[in-house]
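Below, each chain spelled out in residue letters.
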Amino acid sequence: IVGLIQTGLGFPVEEQAWVLRLLADRRALTALLPFLVVLMPLAEEVMFRGYLFRFLSQRSWPAAAYVVSAAVFSMVHWNASGTVQYFVVGLVFAAVCHVTRTLTAAAVAHATYNGLVILIALVGGAAAPPS
């Protein structure tokens, strides 16, 4: 939704070249799916919500913990056109962690999000090589 709004405002989200190459190579993508859908979301949730968000929540206002952890999450993904999108997703994962009081829920949400993004990209034709 954030990507559609951003594109509608004239700032399209462009995927990084390495991601487009990966989507075009179905064999490599299949081999990396456990990494992209299970291991990376778990590692990122431990780092961003398990450590950073909780550390900031205990030492500052909850709003600061949300904003700072989401901003760092966004910057680490190194995609200038997707910064807003990653920031919003980071806020959502922080909210899941905060409301449920468990990192597991945030990790499951993150894994589900990654899986859906990959599925949408594949079904939507993002994997087709440029003509």
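Quick caveat: nothing in here was measured; it's all calculated off a predicted structure. (Residues numbered from 1 in each chain as written. Predicted model: local features only at pLDDT ≥ 70, side-chain atom pairs only at ≥ 80, totals over all residues. Heavy atoms only, no water.)

Q: Before we move on, could you go through the overall build of the protein chain and cite the residues and values that matter?
A: Within the protein chain, the secondary structure is distributed over six helices and zero strands. Shown N-terminal to C-terminal, the secondary structure of the protein chain runs as helices and strands in the order α-α-α-α-α-α. Here the protein chain has a C-alpha radius of gyration of 15 Å; the compact-globule value for 131 residues is 14 Å, and the two agree. When the accessible area of the protein chain is evaluated, it comes to approximately 8200 Å², of which 74% is carbon and sulfur surface. Where the 7 positive side-chain charges of the protein chain centre and where its 5 negative ones centre are 10 Å apart. (Helix = DSSP H or I, 4+ residues; strand = E, 2+ residues; numbered from the N terminus. Rg over C-alpha atoms; globule rule 2.2 N^0.38 Å. Areas by Shrake-Rupley, 256 points an atom, 1.4 Å probe, with all protein chains shown as cover. Lys, Arg positive; Asp, Glu negative; His and termini not counted. Charge placed at Lys NZ, Arg CZ, Asp CG, Glu CD.)

Q: Could you give an account of unusual backbone geometry, with specific residues and numbers?
A: We note that Trp-78 has phi near 50 degrees; this positive angle belongs to a residue other than glycine. Within the secondary structure layout, Trp-78 lies in the loop between helix 4 (62-76) and helix 5 (83-100). You will see that Arg-101, though not glycine, has its phi angle at about 60 degrees, which is positive. As for its position among the elements, Arg-101 is in the loop between helix 5 and helix 6 (103-123). Here Arg-101 falls in the exposed class, since its relative accessible area comes to 70%. (Buried < 20%, exposed > 50% of the residue type's maximum accessible area, 1.4 Å probe, protein only.)

Q: Can you lay out the packing of aromatic side chains for me, pointing to particular residues and giving the numbers?
A: Scanning all chains against the criterion turns up five aromatic pairs. Residues Phe-48 and Phe-73 carry aromatic rings whose centres are separated by 5.3 Å and whose planes lie at 85 degrees to one another, so their mutual orientation is edge-to-face. Of this pair, Phe-48 sits in helix 3 (residues 26-59) while Phe-73 sits in helix 4, placing them 25 residues apart in sequence. Judged by its relative accessible area of 2%, Phe-48 falls in the buried class. Centroid distance Phe-93 to Tyr-113: 6.0 Å. Interplanar angle 80 degrees. Geometry classified as edge-to-face. Taken together, the residues span a long stretch of sequence, with Phe-93 in helix 5 and Tyr-113 in helix 6 at a distance of 20 residues. Under the relative-accessibility criterion, Tyr-113 is labelled partly exposed at 27%. A connected cluster of aromatic rings, assembled from ring pairs, spans Phe-48, Phe-73, Tyr-86, Phe-93 and Tyr-113. One Lys or Arg, Arg-49, reaches over the ring of Phe-73 and ends 4.6 Å from the middle of that ring. (Phe/Tyr/Trp six-rings, centres within 6.5 Å; stacked < 30°, edge-to-face > 60°. Lys NZ or Arg CZ within 6 Å of the ring centre and 35° of its normal.)

Q: Give me the lowdown on a nonpolar patch on the surface, citing residues and values where you can.
A: Among the surface-exposed residues, Ile-1, Ile-5, Leu-9 and Phe-11 lie close enough to one another that they form a single nonpolar patch of about 520 Å² accessible area. By relative accessible area, which is 55% here, Phe-11 ends up exposed. (Patch = residues over 30% accessible without salt bridge, like charges linked within 9 Å, V, L, I, M, F, W, Y side chains within 5 Å. Salt bridge = Lys/Arg side-chain N within 4 Å of Asp/Glu carboxyl O.)

Q: Go over the packing of helix 5 against helix 6, please, and point to the residues and values.
A: For the pair helix 5 and helix 6, interaxial distance at closest approach is 7 Å and the crossing angle is 145 degrees. The two elements helix 5 and helix 6 meet at a crossing, and its hand is right-handed. The segment helix 5 lies against helix 6, with Gln-85, Val-89, Phe-93, Val-96, Cys-97 and Thr-100 engaging Leu-103, Ala-105, Ala-106, Ala-109, His-110 and Tyr-113. (Axes fitted to C-alpha atoms, helices over the stretch in contact; angles between N-to-C directions. Left-handed = near helix turned anticlockwise from the far one by under 90°. Contact = heavy atoms within 4.5 Å.)

Q: Outline the nonpolar core, supporting the account with residue identities and numerical values.
A: In terms of nonpolar packing, the biggest core is built from eight residues, these being Val-19, Leu-22, Leu-23, Leu-29, Leu-36, Val-37, Ile-118 and Ala-121. The set of elements that each furnish at least two residues to this core consists of helix 2 (17-24), helix 3 and helix 6. (Core = buried A, V, L, I, M, F, W, Y, C linked by side-chain atoms within 4.5 Å.)

Nothing here speaks to function; it is geometry throughout.
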